[in-house]
Amino acid sequence: MDSVKVGVYPGTFDPVTKGHMDIIERAMQIVDKLIVGVAVNAGKGPLFTLEDRVRLLRDEVAEVSLHDGQGIEVRPFDTLLMHFVQSCDATIIIRGLRAVSDFEYEFQMAGMNRRLDPGVETVFMMASDKYQLIASRLVKEIGILGGDVSHFVSPRVTQELIARFAELHAAGGVGE
Ligand code: ADP
């Protein structure tokens with residue numbers, strides 16, 4: 001028997017979108033086990049707490065589990081990505097690629113990660129064209145201005161976004 005091929009799909013997932021879920025489903029075609037790593041990423045000033053981002057992803061993944069969920073796990077991490085990957089016994093990092101704008105950063109990161117551990121391969125995947133343009137950042141911008149985000153995120157995430165924006169409005173945190 002071949003050994004189990006473990007992949008890590010890292011990101012901020014603030015919040016998880018249909019684009020992320022498309023990549024997760026594709027990644028399951030090439031690994032036996034997928035660990036979705038949710039980065040703390042305090043520097044990005046996330047809208048949702050780490051706990052909320054993990055919970056939302058777990059709920060979404062539970063739905064995918066109808067076919068392949070046994071092999072998907074969601075874990076938070078606050079270390080160097082490569083240390084997290086090694087602690088998961090993974091040999092593959094999955095990243096999604098959208099337009100050329102993602103390329104420069106992803107190219108640099110893949111190169112640096114190869115230096116850190118040549119035994120770990122970064123694999124880039126493209127989402128289905130209907131999900132390619134989705135970005136968590138834009139979903140938040142549309143949502144903050146009261147736009148309809150249901151094309152980009154699941155009904156559950158849409159509800160959570162509405163609730164989070166209401167909280168921020170009440171706290172006077174969203175005005176501009
Ligand atoms: P990060 O802060 O690491 O960029 P994100 O949560 O924004 O985290 O994204 C995680 C990964 O998913 C990245 O590789 C990103 O390029 C990819 N991704 C995000 N949205 C899409 C999409 N719509 N199609 C394809 N890949 C995507």
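Let us look at the structure shown here.

## Looking at the site of the ligand
- Residues in close proximity to the ligand total 20 residues, the closest being Tyr9, Thr12, Lys44, Gly96 and Tyr131.
- Note that an oxygen atom of the ligand is positioned 3.0 Å from one of the side-chain N or O atoms of Arg95.
- Within the contact set of the ligand, an oxygen atom lies 2.7 Å away from a backbone nitrogen or oxygen of Gly96.
- Within the complex, 92% of the 550 Å² of free accessible area of the ligand lies under protein.
- Of all the secondary-structure elements, those providing two or more residues to the shell around the ligand are β1 (6-11), α1 (18-27), β4 (92-97) and α4 (100-116).

## Digging into the pattern of salt bridges
- With the rule as written, the count across this model stands at 13 salt bridges.
- Here Arg156 and Glu63 are joined by a salt bridge, their closest N and O atoms 2.8 Å apart. Within this pair, whereas Arg156 is found in helix α6 (residues 155-170), its partner Glu63 is found in helix α2 (residues 50-64), the two being separated by 93 residues in sequence.
- A residue is classified by how much of its surface remains accessible, and Arg156, at 29% relative accessible area, is partly exposed.
- You can call Glu63 partly exposed: its relative accessible area is 46%.

Criteria and cut-off values
Residues numbered from 1 in each chain as written. Predicted model: local features only at pLDDT ≥ 70, side-chain atom pairs only at ≥ 80, totals over all residues. Heavy atoms only, no water. Near = heavy atom within 4 Å. Polar contact = N/O pair within 3.5 Å; in protein donor to acceptor, adjacent residues only side chain to side chain. Areas by Shrake-Rupley, 256 points an atom, 1.4 Å probe, with all protein chains shown as cover. Helix = DSSP H or I, 4+ residues; strand = E, 2+ residues; numbered from the N terminus. Salt bridge = Lys/Arg side-chain N within 4 Å of Asp/Glu carboxyl O. Buried < 20%, exposed > 50% of the residue type's maximum accessible area, 1.4 Å probe, protein only.

Keep in mind these numbers describe shape, not what the thing actually does.
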